[in-house]
Amino acid sequence: MRMREGLALKMVRGSIRCKWVSVFVLLLACSSHGGADTAVEDGTLVNGDFETPPSGGFASDGGISDSPDSIPGWKTNGTVELVEAGQKQGGMILIVPQGEHAVRLGNDAEISQELKVEKGSLYSVTFSAARTCAQLESLNVSIPPASQNIDLQTLYSVQGSDTYAAAFQVEEDDVRVVFRNPGMEDDPTCGPIIDDIAVKKLFVPDKPKDNAVVNGDFEEGPWMFRNESLGVLLPTNLDEETSSLPGWIVESNRAVRYIDSYHFTVPEGKRAIELLSGKEGIISQMVETKPNNPYRLTFSLGHAGDACKQPLAVMAFAGDQAENIHYTPNSNSTFQTEGVNFTAKAERTRVAFYSVYYNTRTDDMSSLCGPVVDDVRVELSGSIKVGGLGLGLVLVLGFQLLLIALI
């Protein structure tokens, strides 16, 4: 009897021990796959649209934050104001890019949010911004120690706001994304309005075996909101290592537009580039080549389907060659395939594009637009392959004829 009771007690203890082990394993799994230690997911940040109400609710006329934690999900410093759609300041109606609420940054004011990321990775931050009453407005976006100043003087659309992207190589697992107004105005409440803040981890695509261009189809790029009908502006960025468009840089003063197939006509895949502002909007890439070998640069040239006024044309550069190419599609297509032949002079060759004209939309006569470039390729010229093969055939046939003659 006592043996049976002892055996039963051991079985109960073993069962309890198994349950505790199971609970411990479950908790360990949860902590490693979710919670505070998980890297931020692609998409909108916590309260990135500023639609989560403060503890006291939204004020009828927005309201200036009175403590660093007054806006859910964010830390504030300086004059930071929650604004709402339709709110007026003097005779001006403030622009809220999306939804009902956004934040405005006063003189030297900032908002920030802590992020868990993957150390050494490249992240792109997408956000919408609008000007208010300051004469020279700009926005500093940073993941310290790296930062980028974005000029808001050029308005690319008549909607009053534009969506931008900036990329950063993170040096730690825990970082802080910061938006700061570097301006100093007489009216301390003047400053940019920001909204719809999102993040995306970027990957540099592998270079295809038969194409020297990296990300030539532009499929890898910043986060894009499905309801964002104006695309994402990529401002000046001369560092190819920290570009929101991996492989490419924006060389010029003005931005280029990253567009998607949900709102625009795209020649190939889901993404493409629309060139804006003439010579002030240039994208380029240094591709690997073999000196003294002939190559051919090919690309798709198209119309975004956004009522852009024609004519449309691009200046395409490949090494020391440059060609002015006009968009002249046939009735069955919205894009055409073009090319530029060149001979490589070095182990790296620059390919680049800009819009020949300054184009605007015909429906509002103000929003900037331009030609679309997609599916960029740089390959050894076909003459090398075909010519080499032809020479080989000639030699073989000549040798055979010689043998026949000797026999």
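Note that the structure is a prediction, hence the values are computed from the model and not measured. The residue numbering used here restarts from 1 in each chain and proceeds along that chain's sequence as written. For a predicted model such as this one, the threshold for reporting local features is a pLDDT of at least 70, and the threshold for listing and counting side-chain atom pairs is 80 or more; totals across whole chains, interfaces and linings nevertheless cover every residue. As a rule here, side-chain values come from all non-hydrogen atoms in the structure, and water together with hydrogens is ignored.

Enquirer: How should I be thinking about unusual backbone geometry in this particular structure?
Expert: Both trends apply: most residues other than glycine have a negative phi, and most peptide bonds are in trans. Cis peptide bonds are those with omega within 30 degrees of zero, and the linkage from Pro-144 to Pro-145 qualifies with 10°. Under the DSSP-based scheme used, a helix requires at least four consecutive residues in state H or I and a strand at least two consecutive residues in state E, with every element numbered from the N terminus. As for its position among the elements, Pro-145 is in the loop between β10 (138-143) and β11 (146-151). Here Gln-310 and Pro-311 are connected by a cis peptide whose omega angle stands at 15°. At Ala-307, a position not held by glycine, the phi torsion is positive, near 65°. Considering the arrangement of structural elements, one finds Ala-307 in the loop between β20 (294-302) and β21 (313-318). With phi around 50°, Asp-375 is a residue other than glycine that occupies positive phi space. Relative to the helices and strands, Asp-375 resides in strand β27 (residues 372-380). Using a relative accessible area of 27% as the deciding quantity, one classes Asp-375 as partly exposed. Summary of the burial criterion: residues with accessible area below 20% of their type's maximum are buried, those above 50% are exposed, and those between are partly exposed, where the area comes from a 1.4 Å probe applied to protein chains only.

Enquirer: Explain the environment of Glu-268 here, please?
Expert: Here Glu-268 lies in the loop between β17 (256-260) and β18 (271-274). Relative accessible area serves as the criterion here: at 44%, Glu-268 is assigned to the partly exposed category. For the pair formed by Glu-268 and Asp-375, sequence separation is 107 residues and the distance between their alpha carbons is 6.7 Å. We call two residues in contact when some of their heavy atoms are within 4.5 Å. Sequence-distant contacts of Glu-268, defined by excluding residues within four places in its chain, comprise Glu-219, Asp-374 and Asp-375.

Enquirer: Sorry, what's going on with the sheet that holds β11 here?
Expert: Two modes of strand pairing occur in sheets, parallel and antiparallel, and in both the strands are linked by backbone hydrogen bonds. Pairing in this open sheet of five strands is antiparallel, and the strands run β3-β8-β13-β10-β11 from one edge to the other. The strands lining the two open edges of the sheet, one partner per strand, are β3 (75-77) and β11. Taken over all neighbouring pairs, the strand axes of this sheet differ in orientation by 20° on average, direction set aside. Two strands make a pair as long as DSSP finds a minimum of two bridges between them. Inspection of the sheet shows strand β8 (residues 110-116) paired to strand β13 (residues 174-180) by seven bridges, in the antiparallel sense. Residue pairing across strands places Ser-112 opposite Val-178, the latter belonging to β13. All axes are obtained by fitting lines to C-alpha atoms, using only the stretch in contact for helices, and the reported angles, taken between N-to-C directions, cover 0 to 180 degrees.

Remember that the coordinates give geometry; whether it matters functionally is a separate question.
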